[in-house]
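Working through the structure, step by step
Listed here are the chains, written in short residue letters.
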Amino acid sequence: MMKNIAVLVSGGGTNLQALIDAEKSGVIKNGKITCVISSNPNAYALERARQNGIETEVIRRKDYSEFSDYDKALTELLKSKNVDLIVLAGFMTILGHEVISAFENCIINIHPALIPSFCGEGFYGLRVHEAALKKGVKLSGATAHFVNEVCDGGPIIIQKAVEVKEGDTPEILQKRIMEQAEWKILPRAVSLFCQDKIKVKNNIAVISD
Ligand code: GAR
């Protein structure tokens, strides 16, 4: 059965665009993006969804005083859409226990570094690349992984290394990592999931291709 994919976004949505393009070109097998959910009503990602005829929803953390109510509302929203796979594509709100347990090993995140480097709470967006440059690593990259209760600690599905070059700024490094790694491995991980080719055992993801 074709899997329904919900993509959760907060910003520009270039990873969402990579997923839309991958669906159109057939790189994503057995999956369809059926809805885009944003934590931010002004995210350009919403415009990308609309331009491609994909249903959109907005759910804001700040509209709920208790985190547990937000967590519940997001879980209900995802269940009401009959979602099989949730993709966090630059989604900047941490997920709670309810949604993570309702969709165990069915949530994929893209992180802009080689986990376990430069990850965990506080490491998001440009901050990740600032930290990588500050440390002077010569390779960074991206990681597609399942989401569990440990921030950036779930089973790793695919990683791709990208060279850090002399004179890089966080913006330049971010762009190179997006182009060479994120936009490639995220659609691949999604396609593998949709074809039931990823098995998780003891917190390790094994791919059968
Ligand atoms: C991407 O680089 C993604 O890896 C990162 O935010 C950016 C979103 O860009 N995500 C994180 O840092 C999550 N911790 P996009 O909106 O253009 O896809």
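See the structure above.
In this report, the structure presented in the accompanying data block is examined. (Residues numbered from 1 in each chain as written. Predicted model: local features only at pLDDT ≥ 70, side-chain atom pairs only at ≥ 80, totals over all residues. Heavy atoms only, no water.)

This paragraph deals with the site of the ligand. Taken together, 14 residues are adjacent to the ligand, and Gly13, Thr14, Asn15, Gly125 and Glu182 come closest. At 2.8 Å from an oxygen atom of the ligand is found a main-chain nitrogen or oxygen belonging to Gly13. Asn15 has a polar side-chain atom sitting 3.0 Å from an oxygen atom of the ligand. For the shell around the ligand, the elements supplying multiple residues, two or more each, are α1 (14-25), β5 (107-111) and α6 (170-194). Split by residue class, the shell around the ligand holds six nonpolar, seven polar and one charged. (Near = heavy atom within 4 Å. Polar contact = N/O pair within 3.5 Å; in protein donor to acceptor, adjacent residues only side chain to side chain. Helix = DSSP H or I, 4+ residues; strand = E, 2+ residues; numbered from the N terminus. Nonpolar A, V, L, I, M, F, W, Y, C, P; charged D, E, K, R; others polar.)

The residue after Ile115, namely Pro116, is reached through a cis peptide bond having omega 15 degrees. Note on placement: Pro116 falls in the loop between β5 and α5 (126-135). Phi angles above zero are rare outside glycine, and Asn82 is one such case at about 50 degrees. Mapped onto the elements, Asn82 comes out in the loop between α3 (67-80) and β4 (85-88). Taking relative accessible area as the criterion, Asn82 reaches 54% and is therefore assigned exposed. At Asn105, a residue that is not glycine, the phi angle is positive and equals roughly 55 degrees. The topology assignment puts Asn105 in the loop between α4 (97-102) and β5. By relative accessible area, which is 24% here, Asn105 ends up partly exposed. (Buried < 20%, exposed > 50% of the residue type's maximum accessible area, 1.4 Å probe, protein only.)

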